[in-house]
Amino acid sequence: KADKIIYVSEMTCKTQKIHYPGNKNKMFYFPIPYLKPRRTGKIFPVTYKDIKLCYCGDYNSHIRNLKPLYEAVNMLGIHLTVCGMSDLTLKSSDNIQILPRKGTSKVQEIETDADVLVHLSNLSGTQIPGKIYQYISTDKTILFILDGDKHSLQKAFSKYRRFIFAENNVENIKQVLKNICDLRKTVSNEPLEQFKAKNIVQEIIKIRRTKK
């Protein structure tokens, strides 16, 4: 009997409209907003070999597959910091630091030091890891690793011209990382204005006023 139903995943919203066509006019998608942009002004390295990547989030193997990224950066010798809980036992190396889940301040420190923030898609389902909405508020380059319903994910997020996409396999990740210095020039590396809390609230108010 809800008057309006708001989803924070565009894919979930579309799926629910298909399953419940009688209520589709009550369903709306609004992304998780951010309050303030996070800019560090960090200069991006000239060569891919000098970039620092970070993945901050849990990565249980039945939900997300981190192994291709781990293997790709290991082969390339690129620096990667992983911070999160998992059932996998990944080893640190000269260029890879594996950490357990950390508090907010430490995670922000890791993200500030990184040149590239990694978003790892779920293996299945329509839910999007919330980290992507936090990363949108930064001036960092974002590597969006596609998994699960890859076509729908890329279609939903490519319109923002904010992300560099890679298939979740070793060879494609390696290829993208080798070219990331040029690829980042094809996208925006600034906070997305439409995801600011003020703008999202204004859109929700419009829906409340105009949709009956």
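Placed above this text is the structure.
Note that this is a predicted model, so its numbers are computed, not measured.

Caption draft 1: Here's a closer look at the packing of aromatic side chains. A full pass over the atoms with the stated rule returns nine aromatic pairs. For the pair Phe144 and Phe157, a centre-to-centre distance of 5.2 Å together with 45 degrees between the ring planes defines the contact as tilted. Placement of Phe144 in strand S7 (residues 141-146) and of Phe157 in helix H5 (residues 150-158) is noted, with a sequence separation of 13 residues between them. By relative accessible area, Phe144 is classed as buried at 0%. With a centroid separation of 5.6 Å and 70 degrees between ring planes, the pair formed by Phe144 and Phe163 is classed as edge-to-face. Remark: Phe163 occurs in strand S8 (residues 163-167) and Phe144 occurs in strand S7; sequence separation between them is 19 residues. Linked through ring pairs, Tyr133, Phe144, Phe157, Tyr160, Phe163, Phe165 and Phe195 together constitute an aromatic cluster. The cationic tip of Arg184 hangs over the ring face of Phe44; the distance from NZ or CZ to the ring centre is 4.1 Å.

Caption draft 2: Expanded view of the packing of helix H2 (residues 67-76) against helix H6 (residues 170-178). Running from N to C, H2 and H6 point in directions that differ by 50 degrees, and their axes come no closer than 8 Å. Our classification of the angle between H2 and H6 gives oblique. By crossing handedness, the relation of H2 to H6 is classed as right-handed. Of H6, the residues touching H2 (which contributes Pro68, Leu69, Glu71, Ala72, Val73, Met75 and Leu76) are Val170, Ile173, Lys174, Leu177 and Lys178.

Conventions adopted
Residues numbered from 1 in each chain as written. Predicted model: local features only at pLDDT ≥ 70, side-chain atom pairs only at ≥ 80, totals over all residues. Heavy atoms only, no water. Phe/Tyr/Trp six-rings, centres within 6.5 Å; stacked < 30°, edge-to-face > 60°. Helix = DSSP H or I, 4+ residues; strand = E, 2+ residues; numbered from the N terminus. Buried < 20%, exposed > 50% of the residue type's maximum accessible area, 1.4 Å probe, protein only. Lys NZ or Arg CZ within 6 Å of the ring centre and 35° of its normal. Axes fitted to C-alpha atoms, helices over the stretch in contact; angles between N-to-C directions. Parallel < 35°, antiparallel > 145°, perpendicular 65-115°, else oblique. Left-handed = near helix turned anticlockwise from the far one by under 90°. Contact = heavy atoms within 4.5 Å.

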